[in-house]
Amino acid sequence: MTSLPDHSPRRIHLNAFDMACVGHQSPGLWRHPDDQAHRYTDLAYWTDLARLLERGGFDSLFIADVLGVYDVYQGSRDAAVRQGAQIPLSDPLPAVSAMAAVTERLGFGITVSLTYEQPYKLARTLTTLDHLTKGRIAWNVVTSYLESAARNLGLGEQVAHDDRYEVAEEFLEVCYKLWEYSWDDDAVVRDRERGVYTDPARIRDIAHKGRYFTVPGVFLSEPSRQRTPVIFQAGASPRGRAFAARHGEGVFINAVNPRATRRIVDDIRAKAAAEGRDPYSVKIFILLTAITAPTDEEAQAKYADLISYASYEGALALYGGWSGLDLSGLAPDQPLEYTDTDAVRSALAIFSTADPSRRWTPDQVARYLGIGGIGPVVVGSAATVADELEGWVEEADIDGFNLAYATTPGTFTDFVDLVVPELRTRGRVPDAHTGTTLRDASTGRATPGSATTTRPLAIANSPSVNGTRPAHSTCEPSVPLPLDSLFWEHSGSVIDVAAHGRRSMAVLISCHCCGSSRAPARS
Ligand SMILES: Cc1cc2nc3c(=O)[nH]c(=O)nc-3n(C[C@H](O)[C@H](O)[C@H](O)COP(=O)(O)O)c2cc1C
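Computed from a prediction, not measured in an experiment: that's the story for all the values here.

Thresholds, definitions, all that
- Residues numbered from 1 in each chain as written.
- Predicted model: local features only at pLDDT ≥ 70, side-chain atom pairs only at ≥ 80, totals over all residues.
- Heavy atoms only, no water.
- Helix = DSSP H or I, 4+ residues; strand = E, 2+ residues; numbered from the N terminus.
- Contact = heavy atoms within 4.5 Å.
- Core = buried A, V, L, I, M, F, W, Y, C linked by side-chain atoms within 4.5 Å.
- Buried < 20%, exposed > 50% of the residue type's maximum accessible area, 1.4 Å probe, protein only.
- Domains from an automatic or database assignment.
- Buried area = accessible area lost by both parts, 1.4 Å probe.
- Pairing = 2+ DSSP bridges.
- UniProt positions renumbered as here; feature names shortened; annotations may be inferred.
- Near = heavy atom within 4 Å.
- Polar contact = N/O pair within 3.5 Å; in protein donor to acceptor, adjacent residues only side chain to side chain.
- Areas by Shrake-Rupley, 256 points an atom, 1.4 Å probe, with all protein chains shown as cover.
- Nonpolar A, V, L, I, M, F, W, Y, C, P; charged D, E, K, R; others polar.
- Expected span 1.5 Å × (residues − 1).
- Arc of directions from axis to C-beta.
- Axes fitted to C-alpha atoms, helices over the stretch in contact; angles between N-to-C directions.
- Parallel < 35°, antiparallel > 145°, perpendicular 65-115°, else oblique.
- Left-handed = near helix turned anticlockwise from the far one by under 90°.

Participant: How should I be thinking about the overall build of the chain in this particular structure?
Facilitator: Secondary structure summary: the chain contains 16 helices and 17 strands in total. Counting only contacts in the chain whose residues sit at least 6 apart along the sequence, the fraction spanning at least 24 positions is 73%.

This is how it looks when you write it as structure tokens:
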């Protein structure tokens, strides 16, 4: 396993975790007088938050989303509705452009469940946002977990857990082809003299025909700065980890203690290495909430005030959706047993099998989730919080945090004003980010689009299109070969199918004999 880059101290990546609703991870806190989550329908809430996070050197604002209601707890949605637990809920995408207009560098991690999308259409939506944000988009690839979403979106019941990941594999394959193969970098010529806007020879059909999707044609959008948005994945079941290891540049997992988390992290990194990737090219984030104030005592007093607003039923309503389990049917002190559900399997594993030394009960889960959902709550002064974050990074070998809020924007403001300066002093958060795109900032690469890229190998090895590689314009390979072959035999020399910058191996070839380096013309 490749070791960590040889520099210390290790960078800590920060995303703010939010959702277009009032009860994202701390149901009941909407009642707190300081909370402004109810302003989620006001664009100024989002643009003010974006400015704050930019000032705080955050990598991104990471926005969750679901397409159903939390109606598992007590077999009803009433508890979720009463507590504002992710209902009412708006679409997260429209506010992104406005936030991009008031910031220069902040990235935007947007959650879209591919289970209810078509790759041809979603790829365009994400390319559009990557254009409008000048390359600052990450896609949190999720497959959903609420049965109520399936019922309202044309499916009688939810797609089985592992099947959702099978669909996701092909979904991403189609997106990679659209984003990386269909248009050349220089396809748009905008030649007023010749009257040619785009050169037809420089765009091509992707001719995808698979088990779940058939997409024969050419991508509609011209390439954006990142082409493929930064790919995040949220999920930590065994199947989720395999998917993350193959595709994830960022992985978002739940956590309760560093020791149990380290086992998941080691598994993801080992799986990434088995995919031929640098295991540290996968940035692993845990959910965490930091309650901070100038002194430890003031922070503890703040926490005591906040927790008094937590909603027990709101927490169990959210947990019912996350885990697929209705805990109202269990005795409050009955230890949880693991069972495969079609929801978020890691949300149940984390409170049952993840840490054999601990058996959680419904009552303990409800109290744990009251603030910050399935993630630790760290309370203390800036130095105390920074110590805790460093402890998580060192012990669990994670790369950063998706920071949830107790009250918004208060929790984020405290963190930016108090903890970020401490992390900067410790060299954990850079004063300024490198490059111009989110991928540059999250990999620390100095120049955008440079030759090396941390992009998942799955993109570089994008599968065959048409089963054979289109003939190269000036150097006909002796025989058409499957796109995923790494080398072409040609007139005695070998054409390196080179991974040029962010373009995948199946797209650009640099020919040893003619020296040209461009996408093969269509056969
Ligand atoms: C930390 C975390 C956050 C998640 N956030 C979302 C989300 O916002 N929307 C969504 O539909 N699914 C979300 N999921 C669920 C997964 O994308 C997906 O349903 C998967 O099956 C569950 O993960 P698993 O591999 O742990 O079972 C999240 C999962 C985890 C672990």
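Participant: In this structure, what is going on with the nonpolar core? I would like to understand it.
Facilitator: Counting residues in hydrophobic clusters, the biggest one holds 86 residues, and the most contacted among them are Phe 58, Leu 61, Trp 139, Phe 401 and Phe 415. Among the elements that take part in this core, helix 6 (residues 161-181) stands out by supplying eleven residues, more than any other.

Participant: What exactly am I supposed to notice about the domain arrangement of the chain here?
Facilitator: Often, the extent of an interface is quoted as the loss of accessible area upon association of its parts. According to the domain assignment, the chain contains domain 1 (13-293 + 375-460) and domain 2 (312-369). Here domain 1 and domain 2 have C-alpha centroids that lie 25 Å from each other. Every contact between the two is made by 33 residues of domain 1 and, on the other side, 29 residues of domain 2. A buried area of about 2400 Å², summed over both sides, lies between domain 1 and domain 2, and 60% of it is on carbon and sulfur atoms.

Participant: Explain the pairing of strand 4 (residues 137-142) to me, please; I cannot follow it from the model alone.
Facilitator: Residues in a regular strand point their side chains to alternate faces of the sheet. The buried count for strand 4 comes to six of six residues, which makes it a mostly enclosed element. Neither face of strand 4 is left uncovered, since the one carrying Ile 137, Trp 139 and Val 141 and the one carrying Ala 138, Asn 140 and Val 142 both have all their residues buried. Across six bridges, strand 3 (residues 107-113) lies against strand 4 in parallel orientation. Its bridge partner being in strand 4, Phe 108 is matched across the sheet by Ile 137.

Participant: Would you take a moment to explain the UniProt feature "binding site: FMN" (unreviewed entry) in the chain for this structure?
Facilitator: On the UniProt side, "binding site: FMN" (unreviewed entry) is annotated at positions that read Asp 65, Thr 111, His 161, Tyr 165 and Ser 237 here. With respect to the helices and strands, His 161 occurs in helix 6. According to the relative accessible area criterion, Tyr 165 is buried, its value standing at 6%. Apart from the residues within four sequence positions on either side, Tyr 165 is in contact with Gln 233, Ala 234, Gly 235, Ser 237, Arg 239, Gly 240 and Phe 243.

Participant: Sorry if this is basic, but what is going on with the site of the ligand here?
Facilitator: Residues in contact with the ligand amount to 23 residues; listed here are only the nearest, Asp 65, His 161, Tyr 165, Ser 237 and Ser 346. Within the side chain of Tyr 165, an N or O atom sits 2.6 Å from an oxygen atom of the ligand. Residue Ala 234 places a main-chain N or O atom 3.0 Å away from an oxygen atom belonging to the ligand. Burial of the ligand by the protein chains amounts to 96% of its free accessible area of 600 Å². Sorting the residues of the shell around the ligand by element identifies helix 6, strand 10 (250-253) and helix 11 (345-349) as the ones contributing at least two each. Per-element accounting of the shell around the ligand gives the leading share, three residues, to helix 6. Looking at the shell around the ligand residue by residue, the classes come out as eleven nonpolar, nine polar and three charged. When residues of the shell around the ligand are sorted by domain, at least three fall in each of domain 1 (13-293 + 375-460) and domain 2 (312-369).

Participant: I'm lost on helix 13 (residues 382-396) in this one. Help?
Facilitator: Each α-helix turn comprises 3.6 residues. Residues three or four places apart therefore point the same way. If you check helix 13, its first and last C-alpha atoms are 21 Å apart, about what 15 residues at 1.5 Å a residue would give, namely 21 Å. Ala 382, Val 385, Ala 386, Leu 389, Glu 390, Trp 392, Val 393 and Ala 396 are the residues of helix 13 that are buried. Projected onto a plane normal to the axis of helix 13, the buried residues spread over an arc of 165° and lie on a single side. In this structure, the buried residues of helix 13 make contact with helix 8 (258-274), strand 11 (283-292), strand 12 (377-380), strand 13 (400-404) and helix 14 (410-425). Two residues or fewer after helix 13 comes Asp 397, characterised by a positive phi angle close to 60°.

Participant: It is not clear to me how the packing of helix 7 (residues 238-247) against helix 8 should be interpreted in this structure. Could you clarify?
Facilitator: Two measures define how a pair of helices packs: the angle their axes make with one another and the distance between the axes. Helix 8 packs onto helix 7 with a crossing angle of 45° between their chain directions and a minimal axis gap of 8 Å. By the criterion of interaxial angle, the relationship of helix 7 to helix 8 is oblique. For the element pair helix 7 and helix 8, the recorded crossing hand is right-handed. Facing helix 7, whose interface residues are Pro 238, Arg 241, Ala 242 and Ala 245, helix 8 presents Ile 264, Asp 267, Ile 268, Lys 271 and Ala 272. The class makeup of the residues in the contact of helix 7 with helix 8 is six nonpolar, no polar and three charged.

Participant: Can you walk me through the UniProt feature "domain: Luciferase-like" (unreviewed entry) in the chain in this structure?
Facilitator: In this structure's numbering, the residues bearing the UniProt feature "domain: Luciferase-like" (unreviewed entry) are residues 35-392. Split by type, residues 35-392 is 40% helix and 15% strand. Its first and last C-alpha atoms lie 28 Å apart.

Participant: Quick question: what am I supposed to make of the environment of Ala 80 here?
Facilitator: Examined against the element boundaries, Ala 80 turns out to sit in helix 2 (residues 78-83). Given the relative accessible area of 1%, Ala 80 is considered buried. Those residues within four positions of Ala 80 in sequence are excluded, and the remaining contacts are Tyr 70, Ala 85, Ile 87 and Ala 317.

Participant: It is not clear to me how helix 1 (residues 43-55) should be interpreted in this structure. Could you clarify?
Facilitator: Spanning 13 residues, helix 1 covers 19 Å between terminal C-alpha atoms, matching the ideal 18 Å at 1.5 Å per step. Turning to helix 1, its buried residues are Tyr 45, Trp 46, Thr 47, Leu 49, Ala 50, Leu 52 and Leu 53. Those residues of helix 1 that are buried lie in contact with strand 1 (13-19), strand 2 (60-64), helix 3 (94-101) and helix 14. The opening residue of helix 1, the one whose side-chain oxygen lies 2.8 Å from the backbone nitrogen of Ala 44, is Asp 42. Backbone geometry just downstream of helix 1 places Gly 57 in the positive-phi region, at approximately 70°.

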